[in-house]
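Overview (structure and organization)
These are the residues of each chain, in order.
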Amino acid sequence: MDLLNLLHETMSSPWVYLAIFAIAVLDGFFPVVPSETAVITAGVFAASGAPYLPAVILVAAAGALVGDHISYAIGRAGGARLLDRLPPDGRRRAAADWARRGIATRGGLILTVARYVPGGRTAVTLTMGAVHYPRRRFLAFDALAAGSWGLYSALVGYVGGLAFEQDPLRGLLLGLGLALTVTLIVEVVRWLRGHRGHAERAGEPGTDAVSAGTVSRQADAR
């Protein structure tokens with residue numbers, strides 16, 4: 001009950017918007033910060049009137065946009081060297097390789113997909129900076145990705161809050177469960193597509209070189 005009262009007090013404070021913005025910014029380049037959980041929690045309590053749902057969506061999207069641009073700037077400043085130093089068999093290297101392939105095949109649209117892949121967002125924004133993906137195009141696609149993410153996260157929480165209006169903790173669990181389900185679906189689809197793509201590339205020598213050249217040409221077009 002004390003935890004519930006603390007959450008009510010926190011969510012009814014005007015400072016909650018600044019907190020959501022700051023958490024979303026940090027999560028853009030320091031992905032251990034739970035920005036999605038914070039936004040979902042705010043969405044749950046927004047169902048009872050505070051905080052204000054449109055404001056939650058706006059500050060979450062703005063924070064995500066700023067954080068992504070910080071990550072992009074880090075990648076642009078020295079990201080290529082950073083990515084080259086990653087262990088060849090590590091998860092971070094795998095994420096960076098996935099980001100490179102995604103940029104080569106989908107361009108800026110990969111930003112939207114990466115929003116729902118654990119660790120994928122930072123890998124993509126860093127890699128886009130490292131390959132000098134055009135800044136204006138990055139801004140346009142990232143605005144779409146950040147806006148859709150802010151809307152999705154807040155509404156998932158809001159749905160949970162409406163379902164359990166008298167029990168916000170259950171509403172939060174429902175919201176987090178819905179978000180986890182979406183993430184799992186995205187991961188399964190991504191794994192299946194990657195597994196199929198890997199099998200196809202196995203019989204086509206030189207595909208990786210073509211993908212790398214596509215990324216390079218995108219960088220030259222800046």
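Our structure is the block above this text.
Residues numbered from 1 in each chain as written. Predicted model: local features only at pLDDT ≥ 70, side-chain atom pairs only at ≥ 80, totals over all residues. Heavy atoms only, no water.

On to the overall build of the protein, then. Helix and strand counts for the protein stand at ten helices and zero strands. Reading the protein from its N terminus to its C terminus gives the helix and strand order α-α-α-α-α-α-α-α-α-α. Taking as baseline every contact in the protein between residues at least 6 positions apart, the subset at least 24 positions apart corresponds to 76%. Carbon and sulfur atoms form 65% of the exposed surface of the protein, whose accessible area is close to 12,000 Å². (Helix = DSSP H or I, 4+ residues; strand = E, 2+ residues; numbered from the N terminus. Contact = heavy atoms within 4.5 Å. Areas by Shrake-Rupley, 256 points an atom, 1.4 Å probe, with all protein chains shown as cover.)

One pass over the full model with this rule turns up one cavity of 30 Å³ or more. Here the largest cavity defines a volume of roughly 40 Å³. Taken together, Val44, Phe45, Ala47, Ser48, Gly161, Phe164, Glu165 and Pro168 form the lining of the largest cavity. Tallied by class, residues from the lining of the largest cavity come to five nonpolar, two polar and one charged. (1 Å grid on protein atoms, 1.4 Å probe; cavity = no way out; pocket = protein on both sides within 12 Å on 5 of 7 lines; lining within 4 Å. Points joined across faces, edges and corners; volume = space filled by probe spheres on them. Nonpolar A, V, L, I, M, F, W, Y, C, P; charged D, E, K, R; others polar.)

Time to look at the packing of helix α2 (residues 15-29) against helix α3 (residues 35-46). Packed helix pairs are specified by the crossing angle of their axes together with the interaxial distance, meaning the distance between the axes. For the pair α2 and α3, interaxial distance at closest approach is 8 Å and the crossing angle is 155 degrees. Comparing the axis directions of α2 and α3 gives the class roughly antiparallel. The hand of the α2/α3 crossing is left-handed. Of α3, the residues touching α2 (which contributes Ile20, Ile23, Ala24 and Asp27) are Ser35, Ala38, Val39 and Ala42. Per-class residue counts for the contact of α2 with α3 are six nonpolar, one polar and one charged. (Axes fitted to C-alpha atoms, helices over the stretch in contact; angles between N-to-C directions. Parallel < 35°, antiparallel > 145°, perpendicular 65-115°, else oblique. Left-handed = near helix turned anticlockwise from the far one by under 90°.)

Here the largest pocket is characterised by a volume of approximately 1,200 Å³. Lining the largest pocket are 42 residues, with Pro31, Pro118, Gly119, Gly120 and Thr122 positioned closest to its centre. Residue assignment for the lining of the largest pocket shows that the elements contributing at least two residues are α2, α3, α4 (53-84), α5 (91-106), α7 (120-130), α8 (135-163) and α9 (168-202). In terms of residue class, the lining of the largest pocket is made up of 26 nonpolar, eight polar and eight charged.

Tallied over the full model, the rule gives two aromatic pairs. Considering the side-chain rings of Tyr116 and Tyr152, the 5.1 Å spacing of their centres and the 80 degrees angle between planes classify their relative orientation as edge-to-face. Of this pair, Tyr116 sits in the loop between α6 (110-114) and α7 while Tyr152 sits in helix α8; the two residues are 36 residues apart in sequence, bridging distant segments of the chain. On the basis of relative accessibility, which here comes to 17%, the residue Tyr152 falls in the buried class. The positively charged end of Arg115 is found above the aromatic ring belonging to Trp149, 5.1 Å away from the centroid. (Phe/Tyr/Trp six-rings, centres within 6.5 Å; stacked < 30°, edge-to-face > 60°. Buried < 20%, exposed > 50% of the residue type's maximum accessible area, 1.4 Å probe, protein only. Lys NZ or Arg CZ within 6 Å of the ring centre and 35° of its normal.)

Applying the stated criterion across every chain yields a total of four salt bridges. Residue Arg121 pairs with Asp68 through a salt bridge whose shortest N-O separation is 3.9 Å. Of this pair, Arg121 sits in helix α7 while Asp68 sits in helix α4; the two residues are 53 residues apart in sequence, bridging distant segments of the chain. We classify Arg121 as buried; its relative accessible area is 11%. We classify Asp68 as buried; its relative accessible area is 0%. A salt bridge links Asp167 to Arg170, with the nearest nitrogen and oxygen atoms 3.3 Å apart. For Asp167, a relative accessible area of 27% puts it in the partly exposed group. (Salt bridge = Lys/Arg side-chain N within 4 Å of Asp/Glu carboxyl O.)

Moving on to the packing of α2 against α7. It is the contact of α2 with α7, at a shortest axis distance of 7 Å, that shows an interaxial angle of 65 degrees. In terms of orientation, α2 lies roughly perpendicular with respect to α7. Residues Asp27, Gly28 and Phe29 of α2 lie in contact with α7, whose contacting residues are Arg121, Thr122 and Thr125. Residue classes in the contact of α2 with α7 are distributed as one nonpolar, three polar and two charged.

Take it as geometry only, folks, not as evidence of what the structure does.
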